[in-house]
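# A closer look at the structure
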Amino acid sequence: LYTQDGERVEVLLNATTRRDAFGTIVGVLGVGQDVTAMKEAQVEQQRVANDLTLLIDTANAPIFGIDKDGKVNEWNRKAASITGYSKDEVMGKDLVKTYITAEFQQSVSGVLHDALNGVEKDNYEFPLYTQDGE
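So, here is what we can say about the structure in this document.

This part takes up the pattern of salt bridges. Overall, the coordinates contain six salt bridges when judged by the stated rule. In this structure, E44 and R47 form a salt bridge, with 2.7 Å as the shortest nitrogen-oxygen distance. Here E44 pairs with R47, and both are found in helix α1 (residues 36-58), just three residues apart, close to one helical turn. A cluster of three or more residues bridged by salt bridges with shared partners is formed by E44, R47 and D51.

Below you can see the structure in the form of structure tokens.
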């Protein structure tokens, strides 16, 4: 819809058939809800999400993410560059079991478990396996 001033208004429409006393269709009754602000917020939210995704992907530091089960769900370009594993290769795999050296698996697992429970850890150093096995 457009306002008298020519501004666009986003409307969520529910349309119902109108019938007369004999059941004959005589028209449609439309009930609309102005969802312009909601649509604008969604567009802004998507823009911010895209900006954050770009920031993570192009950062000059390796950035990875895991889900609650420890499976990789984020792997930026720098992580791929350092390890030799592409994002497609690591997504969905267990980070600790697959990419952390044996002697650090327990401690890294603990740090990640704590983080998943709201306890953050800064400056924790650990080795990652590269595709070359280093």
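And the narrative resumes.
Moving on, we come to helix α5 (residues 102-116). Between the first and last C-alpha of α5 there are 21 Å, a value that for 15 residues agrees with the 21 Å anticipated at 1.5 Å per step. Those residues of α5 that are buried lie in contact with β3 (64-66) and α4 (95-99). Positive phi shows up at G118, right after α5, with a value of about 90 degrees.

The rules behind each value
Within each chain, residue numbers correspond to sequence positions counted from 1 in written order. Local features in this predicted model are restricted to residues of pLDDT 70 or higher, and side-chain atom pairs are both shown and tallied only at a pLDDT of 80 or more, whereas totals for entire chains, interfaces and linings draw on every residue. As a rule here, side-chain values come from all non-hydrogen atoms in the structure, and water together with hydrogens is ignored. Only one rule defines a salt bridge in this text: a Lys or Arg side-chain nitrogen within 4 Å of an Asp or Glu carboxyl oxygen. Secondary structure counts use DSSP, requiring at least four H or I residues in a row for a helix and at least two E residues in a row for a strand, with both numbered from the N terminus. To estimate the expected span of a helix, count its residues, drop one, and scale the result by 1.5 Å. Contacts are residue-level and defined by heavy atoms, with any inter-residue pair within 4.5 Å sufficient.

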